[in-house]
Amino acid sequence: MCGIFAYLNYRVPRTRKEIFETLVKGLQRLEYRGYDSAGIAVDGSNKTTTDMNSNTICLFKKKGKVKALDEELYKKDSLDLDEELCTHFGIAHTRWATHGEPSAVNSHPHRSDKDNEFVVIHNGIITNYKELKEYLKTKGYEFESETDTEVIPKLIKYVYDNRESDTVSFSTLVERVIQQLEGAFALVFKSRHFPGEAVATRRGSPLLIGVRSEHEQLTENIPIQYNSAHFKEGVQEKNSRNRSDSFNGINSVGDGRAVEYYFASDASAIIEHTNKVLYMEDDDIAVVKSGQLSIHRMNRLAGEDPVRAIQTLQMELQQIMKGNFESFMQKEIFEQPESVVNTMRGRICFDTNAVVLGGLKEHLKEIKRCKRLILIGCGTSFHAAVATRQILEELTELPVMVELASDFLDRNTPVFRDDVCFFISQSGETADTLMALRYCKSHNALTVGITNTVGSSICRETDCGVHVNAGPEIGVASTKAYTSQFVALIMFALMLSEDRLSLKPRRLDIINSLRVLPELIKKVLTLDDKIKDIANELYQQKSLLVMGRGFHYATCLEGALKIKEITYMHSEGILAGELKHGPLALIDKDMPVIMIIMRDACYTKCQNALQQVTARSGRPIILCCQDDPEMTKNAYQTIELPQTVDCLQGILTVIPLQLLSFHLAVLRGFDVDFPRNLAKSVTVE
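### Notes on the sheet that holds strand β25 (residues 446-451)
Judged by pairing direction, the sheet is parallel, and its 5 strands sit side by side in the order β23-β22-β24-β25-β26 without closing on themselves. Each edge of the sheet is formed by a strand with only one pairing partner; in this case those strands are β23 (400-404) and β26 (464-467). Taken pair by pair, the neighbouring strands of this sheet meet at an average axis angle of 20 degrees, ignoring direction. Running over the sheet, helix α11 (residues 431-442) touches β22 (372-377), β24 (419-425) and β25 and is turned about 165 degrees from β24. Against the sheet, helix α13 (residues 480-496) makes contact with β22, β24, β25 and β26, and its axis sits at roughly 160 degrees relative to β24, the strand it touches most.

### Observations concerning the nonpolar core
In terms of nonpolar packing, the biggest core is built from 92 residues, with L375, I510 and L514 touching the most fellow members. Examining the composition of this core, we find that 12 residues originate from one element, α13, more than from any other. When residues no more than four places from it in sequence are discounted, the contact partners of L514 are M344, I348, F350, V487, I490, L494 and L648.

### What to know about empty space enclosed by the protein
Under the criterion given, the structure shown has 5 cavities of 30 Å³ or more. Taken together, C2, R95, W96, T98, H99, H108, H122, N123, G124, T147, D148 and T149 make up the full set of residues lining the second largest cavity. Residue contributions to the lining of the second largest cavity peak at 3 residues, all from strand β8 (residues 118-126). Class assignment of the residues belonging to the lining of the second largest cavity gives a composition of 2 nonpolar, 8 polar and 2 charged.

### Observations regarding the pairing of strand β28 (residues 570-575)
As judged from the 6 bridges shared by strand β27 (residues 543-548) and β28, these two strands associate in the parallel manner. Residue pairing in the sheet places G548 in a bridge with L575 of β28. In terms of handedness, the path from β27 via helix α16 (residues 553-567) over to β28 forms a crossover that is right-handed.

### Quick look at the packing of aromatic side chains
Per the counting criterion, the structure on display carries 16 aromatic pairs. Aromatic side chains Y7 and Y262 sit 5.1 Å apart centroid to centroid with 25 degrees between the ring planes, which places their arrangement in the stacked category. With Y7 in strand β1 (residues 3-10) and Y262 in strand β15 (residues 259-264), this pair connects stretches of sequence that are 255 residues apart. Overall, the relative accessible area of 1% leaves Y262 in the buried class. Taken together, the ring pairs connect F118, Y160, F170 and F194 into an aromatic cluster. When the ring centre of Y568 is taken as origin, the NZ or CZ atom of R676, which lies over that ring, is 3.9 Å away.

### Re the sheet that holds β28
Taking strand neighbours across the sheet as the criterion, the 5 strands line up as β28-β27-β29-β30-β31 in an open arrangement whose pairing is parallel. The sheet is open, and its two edges are formed by β28 and β31 (637-641), each paired on a single side. Each neighbouring strand pair of the sheet contributes to a mean axis angle of 20 degrees, computed without reference to strand direction. Strand contacts of helix α17 (residues 603-615): β27, β29 (592-597) and β30 (619-625), with the helix running at about 165 degrees to β29, the strand carrying the most contacts.

### Topic: helix α5 (residues 170-178)
Counted residue by residue, α5 has 9 buried out of 9 residues, so it is predominantly covered. Every buried residue of α5 is listed here: F170, S171, T172, L173, V174, E175, R176, V177 and I178. Each element contacted by the buried residues of α5 is listed here: β8, α4 (151-161), β9 (183-191), β10 (198-203) and β17 (285-289).

### Some words on the pattern of salt bridges
Any two side chains of opposite charge can pair, on the condition that their charged atoms come close. Summed over the entire model, instances satisfying the criterion amount to 36 salt bridges. Put simply, E394 and R506 hold a salt bridge, and the shortest N to O gap is 2.7 Å. Residue E394 is located in helix α9 (residues 379-396), and its partner R506 is located in helix α14 (residues 504-525); the two are separated by 112 residues in the primary sequence. What makes E394 partly exposed here is its relative accessible area of 30%. The buried category is assigned to R506, whose relative accessible area is 17%. Note that E461 is salt-bridged to R438, the shortest N-O span being 2.7 Å. Of this pair, E461 sits in helix α12 (residues 457-461) while R438 is found in helix α11, placing the two residues 23 residues apart along the sequence.

### Examining the confidence of the model for the protein chain
When the pLDDT values of the protein chain are averaged, the result is 89; 91% of them are 70 or greater. With pLDDT under 50 throughout, residues 47-52 is counted as low confidence; its partners more than four residues away or in other chains account for 9 contacts. Within the model, pLDDT remains below 50 along residues 229-251, and this stretch shows 64 contacts once partners closer than five positions in the same chain are excluded.

### Things to note about the pairing of β8
Among the 9 residues that make up β8, 9 are buried, leaving the element largely enclosed by the rest of the structure. As paired strands, strand β7 (residues 110-111) and β8 are joined by 2 bridges and run antiparallel to one another. Within the sheet, the bridge partner assigned to R111 lies in β8 and is V119. Here β7 folds back onto β8, and the loop between the two strands holds 6 residues, one of which, N116, carries a positive phi near 55 degrees. Pairing analysis gives 9 bridges linking β8 to β9, with the strands arranged antiparallel. Looking at β9, one finds that G124 is bridged to F185.

Conventions and cut-offs
- Residues numbered from 1 in each chain as written.
- Predicted model: local features only at pLDDT ≥ 70, side-chain atom pairs only at ≥ 80, totals over all residues.
- Heavy atoms only, no water.
- Pairing = 2+ DSSP bridges.
- Helix = DSSP H or I, 4+ residues; strand = E, 2+ residues; numbered from the N terminus.
- Axes fitted to C-alpha atoms, helices over the stretch in contact; angles between N-to-C directions.
- Contact = heavy atoms within 4.5 Å.
- Core = buried A, V, L, I, M, F, W, Y, C linked by side-chain atoms within 4.5 Å.
- Buried < 20%, exposed > 50% of the residue type's maximum accessible area, 1.4 Å probe, protein only.
- 1 Å grid on protein atoms, 1.4 Å probe; cavity = no way out; pocket = protein on both sides within 12 Å on 5 of 7 lines; lining within 4 Å.
- Points joined across faces, edges and corners; volume = space filled by probe spheres on them.
- Nonpolar A, V, L, I, M, F, W, Y, C, P; charged D, E, K, R; others polar.
- Right-handed = clockwise from strand over helix to strand, strands pointing away.
- Phe/Tyr/Trp six-rings, centres within 6.5 Å; stacked < 30°, edge-to-face > 60°.
- Lys NZ or Arg CZ within 6 Å of the ring centre and 35° of its normal.
- Salt bridge = Lys/Arg side-chain N within 4 Å of Asp/Glu carboxyl O.
- pLDDT = per-residue confidence, 0-100.

Now the structure itself:
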């Protein structure tokens, strides 16, 4: 999705060139989220704090990659790159088009008027923008873009122009604006009228603030400043309320000494500068004024935490760098032996065969009393749920529903208080999954998060959860997060079945297989060269079918999704049992087919499907167990994999398909990490 990054240096002298470099580097860290254009807003030259007319804001916006924007920054001769700015606030953004085509005029920051009195960067979607736009047009405000975002700077200009006094604060203006907005947003505001000040807010889209200072902070917890009054008038009415913002050592961070603040939609843009971060909650308004950070809210809700804690990030910069690999996706595929270990670390004791998921411990009795499990996700996370449904049903002896979040919401699915609902999301910010979570909470079901991002919305809003610990995943096409989600759900099934004597042999088989799983993954990764050779034969094809059944149907879906995402080939995951009900019509000598046939309960049935394919002159590439002469005899090519327990075999069969999609994309000349039209974190419906 779109990426937000902003940098405020207070009493920390930085040249304009250094500020540009910081902003551009922040955007580069967010490139993996997917985008089509980028932009930056900084102060103009010869700025003074006494005359507003001298406070100019310069906008730089460019369609395409951040690199193109970076080049554009140095073309403007009017800006002195060596000018040292003791205090400055700059904002930057990468846009993923939702309203209006990719273009410079549609990219962010958006401005209030030709004088750039207010500029704003926005992640999310404003659902009532048409009504606001029509109203503002009647008041004489002119629009230059096709976006929903542009109503926001125009609206704050309208509120400012109609303020009741000159003492109205920047945060009060923002507060009045967001009360008129519907939809999801993370917003960062900058204004000529309030030089050196920053205001940020969020609702439904992630936003965090990094704090960096050579001085010791006065507090790790920031008490929220509540405003009990309500601004109820519509946008049509002239504003009639004012509140002075109070800043003091208790309610804010910073005491007039040198400090730097970093605003971002993702921790990966902040971690190289500081590991001290504050995660904003919905409807928080963060204000930096005179170097002090404070948090404001309209009113306090029942049970709401009245403070925001500054947390210490454990992520390290080298974790999000490519190292010796061609791309982040390739690096993340090869990290899977370590990432699955990290998912299991401290949770499985192989000596005692005990499985403990600390995040679920307090709710374990309640989970064991439930009548149904509902697994909800989108895309790859949905496939992780499909992959583990069978073993969850077997070990928990409960009915298990697997739901696509968007479809789940469309149907207004019945949910009951004795249901346990799992919300699976790599980012923890997926909009459809988050809305499904809120729907289930409103029906009093127990909610469990399975995410890879500490501090994410799903982490904070679920009753309990499991952090999969896969490490930062930068490539848009998910790889290691999938296998870690897979392992996390398997561990949940093991934990829930620990007191079932009849299931003890099955549990031990799975636990022993988890012990050796990292080594088996390493063996699969040694097949990379063979898979690259197969990709050389396939990369000019237009379509590719992936077939399997039982535990491997999810692998077919996930493998086909990976191929679609980054190679732009048509690819379809097909349940082999459905072959005669339509898909068999597609089979001929020219249609590439990949079949997954492992020695498990479906082996004989999959052999029948293989015979149907070969009888139609199909030339199947078969993923099979090592030393299976029957498969070798009937296959055009085979990829022989080590065998493990049936419910974990899907982890070993998906990795060759991840590698195949990677090599196909490279051979077809596409950007593996940033596929067109896609975003890493889908934070809009």
